[in-house]
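# A closer look at the structure
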Amino acid sequence: MKVAISGFEKTGKTTLFCAVTGLNLNISYGQTSENEINEGIAVVYDERINTLSEIFKPKKTTYAVIDYKDLPGLNPNDSKRNQKILDNLKDSDLVINVIRAFEDSFTVHPFGTINIERDMKSFESELQLVDMILAEKRIERIENNIKRGIKEKEEELTLFKKIYEHLNNDLPVRTLEFNEEEKKILSPYKFLSAKPLIHLINLGEKDVIDTVRYKNMIKDKHSDLIYLSAKIEKELTELPENERINFLNELGITEPASYKLVRASYSLLGLISYFTVGEDEVRAWTIKKGANAKEAGGKIHSDIERGFIRAEVVSYEDFIKHGGLKKIKELGLLRLEGKDYIVNDGDIMNFRFNV
Ligand SMILES: Nc1nc2c(ncn2[C@@H]2O[C@H](COP(=O)(O)OP(=O)(O)OP(=O)(O)O)[C@@H](O)[C@H]2O)c(=O)[nH]1
Ligand SMILES: [Mg+2]
């Protein structure tokens, strides 16, 4: 599972990447080369893990993580270069489009002016263009094969034509519905505009408190917008813990906005966490939403999946409400679940297995 940070040139992508990964890279002033890609890991901060750690005082505390990569910026006037860059989105499961809303006379805005809606649309169009080329190539290939008497599936041709038509109407593949058969046909093809997308509005430092001005700039209601200042977020990661807390207090907020962004990415990727607890380690384990107890155990070790017997489960809420395992057991709240149990986000689990 990988998140890609993309968008037009000089919008603050690398700054944001540093903020979420805690890496301290040089922020470039000239044009980045088209193969300059940064990769790193972002910690998924979770209040619940902190609380469990305070209770168990373990030797080790382990948060969930997700992979992030930072791509070079797109240029509105160079679609050839853009296509090469966007090729790197194929292996990503979620795309973040960083939009510049900060004023800075030293850094040229790719379009000359701040306009959030235009930049949202332009980025989507770049993705759609790549997808149109892919659909077009596929259609051509199938039609040529049919001409040469090679057997091809009629449904496949119809499907790619439907996708092409949709893109040609300036709509992303994401908004098309597919039946099971179509999904199967499409599984080897990586349409970029089918991937979940977050538009991230990179604000000026003075604007983080009052985002109303920017919210008014957008006509349509979008649920997938996140507002933050990449510069502030990067600076926050570089501060020692106590200074960071003071800084946040001054802004009247409890945690860095980049934590929220990483959590939003996690949930848009369809991921949830279950926890294991003890004196050695308190740990979050990442699973796909809908995974069963047996699969969840397999994340720890394949032996647990193979020799799965039962899982002892208590929800995080029950655990906190009753203050610990002893009381939970007395009250009979520690459930014994079988292999098909669908794990919930925040389940505290212990596996019984036999190999
Ligand atoms: N004022 C302000 N400047 C920012 C912010 N984010 C980035 N910048 C500045 O914008 C310039 C580009 O920042 P980068 O993070 O390198 O932007 P980028 O999108 O990675 O650039 P390319 O990879 O070259 O497309 C630098 O001079 C940053 O200091 C921000 O939130 N506020
Ligand atoms: Mg960059």
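### Side note on the domain arrangement of the chain
Domain assignment breaks the chain into domain 1 (2-113 + 195-268), domain 2 (124-194) and domain 3 (290-353). Using C-alpha coordinates to define each centre, domain 2 is positioned 43 Å away from domain 3.

### Quick notes on the nonpolar core
Ranked by internal contacts, the top residues of the largest apolar core, which has 47 residues, are A4, I5, L16, V20, Y68, I96 and V262. A domain split of this core shows at least three residues from each of domain 1 (2-113 + 195-268) and domain 2 (124-194). With residues near it in sequence (within four places) discarded, V262 still touches V20, A42, V44 and I66. Core analysis: the next-biggest nonpolar cluster, separate from the first, contains 24 residues, L52, V282, I304 and F308 among them.

### What about the site of ligand 1?
Close to ligand 1 lie 21 residues; G12, T14, T15, G73 and K231 are nearest. Taken together, the elements giving at least two residues each to the shell around ligand 1 come down to α1 (13-21) and α8 (230-238). The leading source of residues in the shell around ligand 1 is α1, at three residues. Class assignment of the residues belonging to the shell around ligand 1 gives a composition of five nonpolar, 11 polar and five charged.

### Some points on the environment of E250
Its location among the elements puts E250 in helix α9 (residues 241-251). With 8 C-beta atoms packed within 10 Å, E250 lands in the exposed category.

### Notes on α9
Taking burial as the measure, the 11 residues of α9 include zero buried ones, a minor fraction of the element. Immediately downstream of α9, the backbone of G252 shows phi near 75 degrees, a positive value.

### Observations regarding the confidence of the model for the chain
Summary statistics for the chain give a mean pLDDT of 91 and a share of 96% for residues scoring 70 or more. No element of the chain has a lower mean pLDDT than helix α7 (residues 212-216), which averages 69, and none a higher one than strand β8 (residues 271-276), which averages 98.

### Remarks on the sheet that holds strand β2 (residues 38-44)
Spatial ordering of the open sheet is given by β2-β4-β1-β5-β6-β7, a layout of six strands whose pairing is mixed. Only two strands of the sheet have a single partner each, and these edge strands are β2 and β7 (225-228). Taken over all neighbouring pairs, the strand axes of this sheet differ in orientation by 30 degrees on average, direction set aside. Each of β1 (2-7), β2, β4 (64-70), β5 (94-100) and β6 (197-202) touches α1; the most contacted strand, β2, lies at about 45 degrees to it.

### Thoughts on unusual backbone geometry
When glycine is set aside, most residues are seen to have a negative phi, and most peptide bonds are trans. Although it is not a glycine, K10 sits at a positive phi angle of roughly 55 degrees. Within the secondary structure, K10 is located in the loop between β1 and α1. Positive phi, close to 65 degrees, is recorded for D170, a residue that is not glycine. For D170, the location among the structural elements is in the loop between α5 (154-168) and α6 (180-186).

### Considerations on the packing of helix α3 (residues 79-86) against helix α4 (residues 116-147)
Viewed as axis vectors pointing N to C, α3 and α4 meet at an angle of 80 degrees, and their least axial separation amounts to 10 Å. As summarised for this structure, α3 and α4 are arranged roughly perpendicular, according to the angle between their axes. Packed against α3, whose contacting residues are S79, N82, Q83 and L86, the element α4 presents E126, L127, L129 and V130 at the interface. Here the residues of the contact of α3 with α4 sort into four nonpolar, three polar and one charged.

### A look at the packing of α4 against α5
Geometry of a packed helix pair, given as the angle between the helix axes and the separation of the axes. Orientation of α4 relative to α5, taken along the N-to-C sense of each, is 150 degrees, at an axis distance of 9 Å. Put simply, α4 runs roughly antiparallel to α5. Crossing handedness for the pair α4 and α5: left-handed. Only E156, L157, F160, K161, I163, Y164, L167 and N168 of α5 make contact with α4, whose side of the interface consists of Q128, D131, M132, A135, E136, R138, I139 and I142. A breakdown of the residues in the contact of α4 with α5 according to their chemical character gives nine nonpolar, two polar and five charged.

### Some details on the pairing of β4
In β4, alternate side chains face the same way, and those of A64, I66, Y68 and D70 are buried while those of V65, D67 and K69 on the opposite face are not. Summarising the sheet, β1 and β4 pair through four bridges and their orientation is parallel. Bridging across to β4, V3 finds its partner in Y68.

### Overview of helix α10 (residues 257-268)
Three- or four-residue spacings in an α-helix give side chains the same orientation, since the helix completes a turn every 3.6 residues. With 12 residues, α10 should reach 16 Å at 1.5 Å per residue; the first-to-last C-alpha distance of 16 Å fits that figure. Residues of α10 that are buried: A257, S258, Y259, L261, V262, S265 and Y266.

### Overview of the pairing of strand β10 (residues 308-315)
Taken together, the seven bridges between β10 and strand β12 (residues 347-353) define a ladder with antiparallel strand orientation. The residue bridging F308 from the neighbouring strand is F353, located in β12. Sheet analysis places β10 next to strand β11 (residues 335-337), joined by three bridges and oriented antiparallel. Residue pairing for β11: E312 is matched across the bridge by L336.

Cut-offs and rules
Residues numbered from 1 in each chain as written. Chains lettered and ligands numbered in written order. Predicted model: local features only at pLDDT ≥ 70, side-chain atom pairs only at ≥ 80, totals over all residues. Domains from an automatic or database assignment. Core = buried A, V, L, I, M, F, W, Y, C linked by C-beta atoms within 7 Å. Buried ≥ 20, exposed ≤ 12 C-beta atoms within 10 Å, placed from the backbone. Contact = placed C-beta atoms within 7 Å. Near = placed C-beta within 6 Å. Helix = DSSP H or I, 4+ residues; strand = E, 2+ residues; numbered from the N terminus. Nonpolar A, V, L, I, M, F, W, Y, C, P; charged D, E, K, R; others polar. pLDDT = per-residue confidence, 0-100. Pairing = 2+ DSSP bridges. Axes fitted to C-alpha atoms, helices over the stretch in contact; angles between N-to-C directions. Parallel < 35°, antiparallel > 145°, perpendicular 65-115°, else oblique. Left-handed = near helix turned anticlockwise from the far one by under 90°. Expected span 1.5 Å × (residues − 1).

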